[in-house]
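# Chain and residue survey
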Amino acid sequence: MATALSRALKLPGKKGSELGEYDPLTQVDSEDDSEEDDLVLNYPRNGLTSHSRTATLRLGQEGVELQEEDEDEGDTWRHGGGKDRRCKAGGVADDGVGLVSEGAGQKAKVQAAVRTAAFVVPLIGAAMFVLLFAFLLPCQRRGSQRQNEWETEVGHAGGVMSPPMALWDVDGDGVEDLLISVMRINNSSQQISYPANIKEYSVVALHGVNGSVMWTRSLKEPLFSVQCSAPNTCLLITSTLLSSVNASTGKKLWEVPAGDEVVSQAVAVPDLQGDSVPDLLIATVDQESVISLVLHSGLTGSLIGQPVNFNFTTQGKLIGPLLHETVLGAYYILIGIGKVEAVSLSDVYRNVTGHTAVPPSLSVKDPVWEKQRKNNSFTLIPIYSGVDQVLYFLPLVTGVCNNHNNLDLDSSRNSSRSDWVVVCVNSQISVIRERDIHTTWTINSSSIHSHPAVGYFNDDGVPDLLIQQSANGIRKVQIIDGAQGQILWEEEFVCPRLVLEGSTILTTSGQSVFLFWAGDPLPLSKNVTKVSPPEPFLRRLFLLHPAYPTILQELTSTTDTALTSAVSYDDEQKDVSYVVVVSRPVSGLGPGVQLVKSTPVRSCRTQIRTREKPWSCEHHFEHRSS
């Protein structure tokens, strides 16, 4: 049938112009001369006709007409059916045979337009809706929710002792939150003769954005230390217990007795049991004042072996324990009372477990360190000792986050392979080279009562020191060159009585900004030797940028007593906030209250002293996590 129709209409059997398709009516007249009678019907879908060359059979009342849709350049493309070109049988046109009425064609066009509009209009509306929320109403960044400043009361003041605290991103929003030890007095108890019974201890997690309480966990005794590490766990240490909790909820993971009284924070050491979790080392003291090193499993908290004792003959402040990794990859524990000594971690492992073999991570020995031994037995390696007792011992490196109290192996390693700063009781400051344990430089200073802060003041690539000295009501703040021990900057202030450790923040320029507490600056033209601070004393938090050494900026001021502080980082906004815990007295005979205050560093606008042009606090900060 199709063959006869094709011959009658004299349609040429040429190949289609697109996609390699053949006209179905001419294809049946090919060499194989198929007897198939199939008709290929092409009809528009969704108001759009096909781009391929096709043939359409239209059935009328009086005959059959074949319409060919051609896509040559001379044809006009229209939605709904294209341009009609009627084939002429025998060269004579018959306008009355096989024609579709004008009304039906118009109706088809309207239906096609309606279908097209029904598809296109919702699509355009959806696109406009997406653009509206993507460009006109952009989502706020998480870090932008940080408030300018907040203050939260967490409990009663427990004197002037610094409460243990740590910074950790508890909820994963990119802003570091605060975990702090809290003491409250139960007002419902009337047992005045037993004051210990009315004190309630706990650890509280505060949101870094607004200071709201995220969770609270009760404790049986005062908290000695809180340290956090991946994967989102925190270690709570009291004098008799070690507890691991989930940092997001405060739920207990494990709890073990500490044995003797705990006198140090925990130190993360390489995995000793093969469970892929770093283990823990702490220092304890017994009733005879014997210091012991104790190993605990980081996975379950269980005791590893037995404690190893050290009989220190000197008196003074306990230094360490600290983990140090030498350039060759050997691990040593730095510890001492009044002086600093080292013991190989492999020797500690052999003594606590009784095993002669050690894990692969402890098999390396450093000959430079080992030659410092007096003999081959289990003895301590001298690092620093002198007539005066060691007051502070810290690595000369920035980004350690010592006020964050992070507990992980990477944090410990960050303090390795660097020189050390030693501060003695008589305020003699020395720097010791790590590679050969020799003193680089020593200077004398007076009345240093706070832990030095480390940051970059000049551009020599060696970290510098911020130290604070107090005497006769005057506070002298100095920045010491870490390479040579020279004074790079100093200023005198009215002494704020209590001493709080300074802080440094590394900026994207490679230099650090230095933060410290002091009173009003002393007059430049007067030689003041003694000052009587007024009451109540106004304490100011100053910020110093090395690029503008003659200008100080004031972040905040308060008459409260500052107890401890830390710098909270916002990685998303590249900004920081200064978090401080203060004690505020209240009227009456009751105890004062303990508060936590957060102040964004960029909020500083008060220029205290100007000798040159002012500067803006709009600088970006770089967080080198530990």
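In this text, all values refer to a predicted model and were calculated from it rather than measured experimentally.

Quick notes on the rules
Throughout this document, residue positions are counted from 1 along each chain, in the order its sequence is written. Local features in a predicted model are, by the rule used here, given only for residues with pLDDT of at least 70; side-chain atom pairs are given and counted only at 80 or more, and totals for whole chains, interfaces and linings are based on all residues. For the side-chain quantities, the full set of heavy atoms in the structure was used; hydrogens and water were omitted. The pairing test for Phe, Tyr and Trp rings, Trp by its six-membered ring, is centres within 6.5 Å, and the orientation test on the planes gives stacked under 30 degrees, edge-to-face over 60, and tilted for anything in between. Helix and strand labels come from DSSP, where a helix needs a run of H or I of at least four residues and a strand needs a run of E of at least two; each type is numbered from the N terminus. Accessibility here uses a 1.4 Å probe with only protein chains present; expressed as a share of the type maximum, an area under 20% marks a residue as buried, one over 50% as exposed, and anything in between as partly exposed. A pair of strands is considered paired only if DSSP assigns at least 2 bridges between the two. Definition used in this section: a nonpolar core is a set of buried Ala, Val, Leu, Ile, Met, Phe, Trp, Tyr and Cys residues joined via side-chain atoms within 4.5 Å. Only heavy atoms enter the contact rule, under which two residues are in contact if any of them lie within 4.5 Å. Every axis in this analysis is a line fitted to C-alpha atoms, fitted for helices over the stretch in contact. Angles between the N-to-C directions lie between 0 and 180 degrees. Each residue carries a pLDDT score, the predictor's confidence in it, ranging from 0 to 100. Two cysteine sulfurs form a disulfide in these notes if their separation is within 2.5 Å.

### So, the packing of aromatic side chains
- This model, assessed by the stated rule, comprises ten aromatic pairs.
- Ring geometry for Phe 393 versus Trp 420: centroids 5.7 Å apart, planes at 35°, classification tilted. Of this pair, Phe 393 sits in strand E21 (residues 390–395) while Trp 420 sits in strand E22 (residues 420–424), placing them 27 residues apart in sequence.
- Judged by centre distance (6.3 Å) and plane angle (50°), the rings of Trp 489 and Phe 516 are tilted. Residue Trp 489 is located in strand E28 (residues 487–494), and its partner Phe 516 is located in strand E30 (residues 512–518); the two are separated by 27 residues in the primary sequence.
- Trp 489 sits in the buried class, given a relative accessible area of 9%.
- Look at Phe 516 and you get buried, because its relative accessible area is 1%.
- An aromatic cluster is present here, built from Tyr 332, Trp 369, Phe 393 and Trp 420 joined pairwise through their rings.

### Regarding helix H4 (residues 345–353)
- Within H4, the full set of buried residues consists of Leu 345, Ser 346, Asp 347, Val 348, Tyr 349 and Val 352.
- Count one or two residues on from H4 and you reach Gly 354, which has phi positive near 80°.

### A few points about the pairing of strand E9 (residues 233–237)
- Burial runs high along E9: five of the five residues are buried.
- Residues Thr 233, Leu 235 and Ile 237 line one face of E9 and the alternating positions Cys 234 and Leu 236 line the opposite face, and both faces are buried.
- As judged from the five bridges shared by strand E8 (residues 225–229) and E9, these two strands associate in the antiparallel manner. Note that in E9 the partner of Ser 229 across the bridge is Thr 233.

### Considering the nonpolar core
- Formed by 25 residues in total, the largest nonpolar core has its most connected members in Leu 293 and Leu 345.
- Elements with a minimum of two residues in this core: strand E13 (267–269), strand E14 (279–285), strand E15 (291–296), strand E16 (303–310), strand E18 (331–337) and H4.
- With residues near it in sequence (within four places) discarded, Leu 345 still touches Val 269, Pro 270, Leu 281, Leu 323, Tyr 331, Tyr 332, Ile 333 and Leu 362.
- Ile 505, Leu 515, Val 582 and Leu 595 belong to the second largest nonpolar core, which has 18 residues in total.

### Digging into the sheet that holds strand E34 (residues 575–584)
- Spatial strand order, E3-E35-E34-E33: four strands in an open sheet with antiparallel pairing. If you trace the sheet from one side to the other, it starts and ends with strand E3 (150–156) and strand E33 (561–570), each paired once. Neighbouring strand axes in the sheet, compared pairwise and without regard to direction, differ in orientation by 20° on average.

### Overview of the confidence of the model for the protein
- On average, residues of the protein score 77 in pLDDT, and 71% of them reach the 70 mark or higher.
- For the stretch residues 1–100, pLDDT sits under 50, and the model shows 106 contacts to residues farther than four places along the chain or on other chains.
- Across residues 605–620 the pLDDT falls below 50, and counting only partners more than four positions away or on other chains, this stretch makes 49 contacts in the model.

### Describing unusual backbone geometry
- A cis geometry characterises the amide bond from Ala 230 onward to Pro 231, with omega recorded as 0°.
- The residue Pro 231 is located in the loop between E8 and E9 in this model.
- With omega at 0°, the peptide bond leading from Gly 320 into Pro 321 counts as cis.
- Even without being glycine, Ser 447 reaches a positive phi, approximately 60°.
- Relative to the helices and strands, Ser 447 resides in the loop between strand E24 (439–444) and strand E25 (453–455).
- Take Ser 447: its relative accessible area is 26%, and that puts it in the partly exposed class.
- Backbone geometry places Asn 472, a non-glycine residue, at a positive phi of 60°.
- Inspection of the secondary structure assignment puts Asn 472 in the loop between strand E26 (464–471) and strand E27 (474–480).
- With a relative accessible area of 48%, Asn 472 lands in the partly exposed category.

### Focus on the sheet that holds E8
- What the four strands build is an open sheet, ordered E8-E9-E10-E11; its pairing is antiparallel. The two strands at the open ends of the sheet, each matched to only one other strand, are E8 and strand E11 (252–257). Neighbour to neighbour, the strand axes of the sheet diverge by 15° on average, direction disregarded.

### Focus: the state of the cysteines
- Taken as a whole, this structure holds one disulfide when the rule is applied.
- Disulfide pairing places Cys 228 opposite Cys 234 at an S-S distance of 2.1 Å. Linking Cys 228 and Cys 234, the disulfide has an S-S dihedral of approximately 95° and is accordingly described as right-handed. Accessibility assignment for this pair places Cys 228 and Cys 234 in one class, buried.

### A word on the environment of Val 203
- Checked against the element boundaries, Val 203 lands in strand E6 (residues 199–206).
- By relative accessible area, which is 0% here, Val 203 ends up buried.
- Along the backbone, Val 203 and Met 165 are 38 residues apart, and their C-alpha atoms lie at a distance of 8.9 Å.

### A closer look at the side chain of Ser 512
- Locating Ser 512 in the fold gives a position in strand E30.
- Leave out the neighbours within four places in its chain, and Ser 512 touches Gly 455, Tyr 456, Thr 504, Ile 505, Leu 506, Leu 544 and Pro 546.

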